[in-house]
Amino acid sequence: MLGINYTILNNFIYIIGFCIIFYVTFQILRATRFDEFFKQGRIWQIRLAYVFICIIVSHLIMSAILMICQTFLVQ
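First things first, this report covers the structure right here in the doc. (Residues numbered from 1 in each chain as written. Predicted model: local features only at pLDDT ≥ 70, side-chain atom pairs only at ≥ 80, totals over all residues. Heavy atoms only, no water.)

## A look at the overall build of the protein chain
Stage number 1. Of regular secondary structure, the protein chain possesses 2 helices and 0 strands.
Stage number 2. For the protein chain, whose C-alpha radius of gyration is 17 Å, the value lies well above the compact-globule estimate of 11 Å for 75 residues.
Stage number 3. Each principal axis of the C-alpha atoms in the protein chain carries an extent, and together these give about 60 × 20 × 15 Å.
Stage number 4. In the protein chain, which comprises 75 residues, the share counted as buried stands at 19%.
Stage number 5. Long-range contacts, defined as pairs at least 24 residues apart, comprise 74% of the intrachain contacts of the protein chain with a sequence gap of at least 6.
Stage number 6. As displayed, the protein chain has an accessible area near 6200 Å², and 71% of this comes from carbon and sulfur atoms. (Helix = DSSP H or I, 4+ residues; strand = E, 2+ residues; numbered from the N terminus. Rg over C-alpha atoms; globule rule 2.2 N^0.38 Å. Buried < 20%, exposed > 50% of the residue type's maximum accessible area, 1.4 Å probe, protein only. Contact = heavy atoms within 4.5 Å. Areas by Shrake-Rupley, 256 points an atom, 1.4 Å probe, with all protein chains shown as cover.)

Here is the structure:
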């Protein structure tokens, strides 16, 4: 159909959406008191936890969005 490579399109949508959701998730985590779960002075562990949580949430959301798009758009 129309000469569109859906794999490249899906990868592009995934990367752009992943970055946007990563940023939004990071801002949400910064607004919460998530760092109170850690001991005082554990800066790099807190930052690493922020990054891991943001990566996991971003991946899960974008995977779900792509699955929904593939279900309804690709015939």
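## What about the pattern of salt bridges?
Stage number 1. For the coordinates displayed, the defined rule picks out 1 salt bridge.
Stage number 2. Glu36 is the salt-bridge partner of Arg33, the closest N and O atoms lying 3.5 Å from each other. (Salt bridge = Lys/Arg side-chain N within 4 Å of Asp/Glu carboxyl O.)

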